[in-house]
Amino acid sequence: MLQEITSKTSEVVPVDQDELLLASLGYKQEFKRNFTPLEVFGVGFSIIGLVPSIASVLVYSIPYGGPSAMIWGWTACSIFLAVIALAIAELGSMAPTSGGLYYWTFMFSSHKWRCLLSWIVGYSNTVGNIAGVASLDWGCAVQIMAAVSIGSGLTFQPTAAQTFGVYCALLLCHAIICSLNPIVIARLQIPYIIINILLCLAIIIGVPTATPKEFINSAGYVFGNFTNISGWTNGYAFILSFLSPLWAIGAFDSTIHISEEASNASIAIPYAIIFAAMSGIILGWGLNVTLAFCMGNNLGDILESPIEQPMATILFNSFGQKGTLAIWAFIVVIQFTMTTSLLTSCSRQVFAFSRDGALPFSKWLYRIHPKTHAPVNCVWFTTVLSGLFGLLAFAGPAAIGAIFSIAVASQYIVYSIPISARYLGGKDLRPGPFRLGILSKPVAAVAVTWMVFIIIVFFFPATPNPEASNMNYTVVVLGGTVVLSIIYYYFPKYGGVHWFKGPIANVDVSESRATNDSEQDVTDKS
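Predicted model, so just to flag it, every value in this text is computed and none were measured. (Residues numbered from 1 in each chain as written. Predicted model: local features only at pLDDT ≥ 70, side-chain atom pairs only at ≥ 80, totals over all residues. Heavy atoms only, no water.)

Caption draft 1: Structural view of unusual backbone geometry. Even without a glycine there, the phi angle at H373 is positive, about 60 degrees. Of note, H373 is situated in the loop between α15 (362–365) and α16 (376–390). Classification of H373 by relative accessible area gives partly exposed; the value is 26%. At K493, a position not held by glycine, the phi torsion is positive, near 70 degrees. With respect to the helices, strands and loops of the structure, K493 is situated in the loop between α19 (474–490) and α20 (509–525). K493 sits in the exposed class, given a relative accessible area of 63%. (Helix = DSSP H or I, 4+ residues; strand = E, 2+ residues; numbered from the N terminus. Buried < 20%, exposed > 50% of the residue type's maximum accessible area, 1.4 Å probe, protein only.)

Below, the structure is given as structure tokens:
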């Protein structure tokens, strides 16, 4: 949105409000603002990718309470997910910059700790986002192999090497797409929104219609039965069922990382975060209710099916082979779109962190391709590291599962720190158009308390007496990430403590703020 102000020489100067706001935060406009508010919402909503996400996480609901865990676990957890979305949205409205979380951490924290905390948040966010890209494409590869297995009459069983080959092909495709002009990614978001909603409606309407009577459950069973086959106590099993919505509804920072490409960013970003989260929560609840009514009551058969995919098993019982393959094809397509959006977001976070000189090869990473106007080097940097993460598949399911864990667990660390720093660091930023007012502190307190609790939950294994093959390695991978980032920070001579000073302004901040204030005065007077 362009407005005009009068300079000291009475010359009329066009002013882009988004560019002025970004300049007041210390950065010049380098990307083109291709994303409309609806397309910004599309990024967050498509990364959630409800049906593929629920397909991936049903295994965290069914053993820990069956239908009650699927429905009431989702309901209870959703309340706190909405609170987290509100807290992040308020910060996104204050300072809509691609750096997002580590930038806010630096600005809110005390002088003594701001550089270290910003460094930890930046590296945890970078590693977590790269792991997120890896987990989405690995999930897509697994889903493709599940489709091949169903199509072969369950005679085909993929090897780790075959799945890894598909995984690498998917990464290559996504890297090529995300290296194109960002306007391509922006315009794809509306089709992404439509196909996600249509698939949700197809499941909610189609599955009850097609399911044989022997698999239809009563309302009493769906809303009242609690079947715990995990080995944990019922109370703790119910808490572990929260992992399902926690995995499915997240990546609240994804839209923040494209702030510098969004029009009307200080309004578009917070509302995109909130609407994406709430849409996912509501539609996800409907999907869980539908599946609970139509999955039968033999939970063991679902979990031990040769298809090795609980949701695919439920669909197979309802639609048969051909119908399941048709639905599954759309699930794979949506999973593919999820990675497109996340790789776009991740590459912008890498770009921002390298702009401030924090990453190795920052000078090479901090470049925008002159023809495509995309951070191509950041896209391929992320892709290569994601490919290396995929090699953990050869170490077994527990090792590759750690990638999924760090992608989710790390985000709660990097969300908690800036939200806490805002009220503990003694500093604040000018409020944005979206603000919570007197609810701001209570919302932040609830959000941080919940996230600390959930981080602890993420560290527990799936069963009470795990072996090496089914141990939860989240604490090792996540702790290793944080510890290594701290070691790198304090490393003699070459560590970040010697040169990292936080966000580096590449415009005259004082001048841009003065211009912004002058423009605001003119707007107010008019």
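Here the narrative resumes.
Caption draft 2: Main features of the pattern of salt bridges. Overall, the coordinates contain 5 salt bridges when judged by the stated rule. A salt bridge links R355 to E30; its shortest N-O distance comes to 3.8 Å. Of this pair, R355 sits in helix α14 (residues 310–355) while E30 sits in the loop between α1 (17–24) and α2 (37–48); the two residues are 325 residues apart in sequence, bridging distant segments of the chain. Judged by its relative accessible area of 7%, R355 is buried. Judged by relative accessible area, which is 25%, E30 ranks as partly exposed. Put simply, R348 and E261 hold a salt bridge, and the shortest N to O gap is 2.7 Å. A residue pair is termed long-range when its members are at least 10 positions apart, and R348 in helix α14 and E261 in the loop between α11 (243–248) and α12 (265–294) qualify at 87 residues. Judged by relative accessible area, R348 falls into the buried class, the value being 1%. A relative accessible area of 1% means that E261 is categorised as buried. If you follow the salt bridges from partner to partner, you end up with E30, E260 and R355 in one network. (Salt bridge = Lys/Arg side-chain N within 4 Å of Asp/Glu carboxyl O.)

Caption draft 3: Representation of the nonpolar core within the structure. Residues F252 and Y412 are the most contacted members of the largest nonpolar core, which totals 159 residues. Look past the residues within four positions of Y412 in its chain and what remains in contact with it is L81, I84, L246, M451, I454, I455 and F458. (Core = buried A, V, L, I, M, F, W, Y, C linked by side-chain atoms within 4.5 Å. Contact = heavy atoms within 4.5 Å.)

Caption draft 4: Here's a closer look at helix α8 (residues 182–210). For α8, spanning 29 residues, the distance from its first C-alpha to its last is 41 Å, which sits close to the expected 42 Å at 1.5 Å a residue. Largest kink in α8: about 30 degrees, centred on Q189, with the proline P191 one to four residues after it. Those residues of α8 lying buried are P182, I185, A186, Q189, Y192, I193, N196, L199, C200, I203, G206 and V207. On the buried face of α8, the contacting elements are α2, α3 (50–57), α7 (160–178), α12 and α14. (Expected span 1.5 Å × (residues − 1). Bend = angle between axes of the 7 residues up to and from the residue.)

Caption draft 5: Inspection of the confidence of the model for the protein chain at higher detail. Confidence along the protein chain averages 88 in pLDDT terms, with 93% of residues attaining 70 or more. Per-residue pLDDT stays below 50 along residues 1–14; that stretch engages in 21 contacts with residues further than four places along the chain or on separate chains. In the model, residues 514–526 has pLDDT below 50 throughout and makes 11 contacts with residues more than four positions away in sequence or in other chains. (pLDDT = per-residue confidence, 0-100.)

Caption draft 6: Quick peek at the environment of R435. Of note, R435 is situated in the loop between α17 (397–424) and α18 (440–458). Sequence separation of R435 and A89 is 346 residues, and the distance between their C-alpha atoms is 8.5 Å. In this structure the side chain of R435 is engaged in a polar contact, spanning 3.0 Å, whose partner is the backbone oxygen of G432. (Polar contact = N/O pair within 3.5 Å; in protein donor to acceptor, adjacent residues only side chain to side chain.)

Caption draft 7: Expanded view of the environment of D253. Along the chain, D253 falls in the loop between α11 and α12. Spatially, the C-alpha atoms of D253 and Q349 are 9.7 Å apart, while their sequence positions differ by 96 residues. With near-sequence residues (within four places) excluded, D253 lies in contact with L101, N125, N129, S345 and Y415. At 2.9 Å, the side chain of D253 and the side chain of H257 are in polar contact.

Caption draft 8: Spatial organisation of the packing of helix α6 (residues 114–151) against α7. Running from amino to carboxyl end, α6 crosses α7 at an angle of 125 degrees, the nearest separation of the two axes being 8 Å. The angle between α6 and α7 falls in the class oblique. Considering how the two elements wind past one another, α6 and α7 form a crossing that is right-handed. The segment α6 lies against α7, with V133, A134, D137, W138, C140, A141, V142, I144 and M145 engaging A160, Q162, T163, F164, V166, Y167, L170, L171 and H174. (Axes fitted to C-alpha atoms, helices over the stretch in contact; angles between N-to-C directions. Parallel < 35°, antiparallel > 145°, perpendicular 65-115°, else oblique. Left-handed = near helix turned anticlockwise from the far one by under 90°.)

Caption draft 9: Highlighting the packing of helix α5 (residues 101–108) against α6. One can describe the packing of α5 onto α6 by two numbers: an axis separation of 8 Å at closest approach and a directional angle of 170 degrees. Judged by the inter-axis angle, α5 sits roughly antiparallel to α6. Where α5 abuts α6, its residues L101, Y102, T105, F106 and M107 lie against R114, C115, L117, S118, V121, G122 and N125. Looking at the contact of α5 with α6, its residues break down into 7 nonpolar, 4 polar and 1 charged. (Nonpolar A, V, L, I, M, F, W, Y, C, P; charged D, E, K, R; others polar.)

Caption draft 10: Up close: the packing of aromatic side chains. Under the defined criterion, the tally for this structure stands at 32 aromatic pairs. Where F80 meets W450, the ring centres are 4.1 Å apart and the plane angle is 5 degrees; that geometry is what we call stacked. Of the two residues, F80 sits in helix α4 (residues 67–94) while W450 sits in helix α18, which places them 370 residues apart along the sequence. Here F80 falls in the partly exposed class, since its relative accessible area comes to 27%. Note on W450: relative accessible area 8%, which makes it buried. Ring plane angle 80 degrees and centroid distance 6.0 Å describe the contact between Y123 and Y488, whose orientation is recorded as edge-to-face. In this pair, Y123 sits in helix α6 while Y488 sits in helix α19, placing the two residues 365 residues apart along the sequence. Classification of Y123 as buried rests on a relative accessible area of 11%. (Phe/Tyr/Trp six-rings, centres within 6.5 Å; stacked < 30°, edge-to-face > 60°.)

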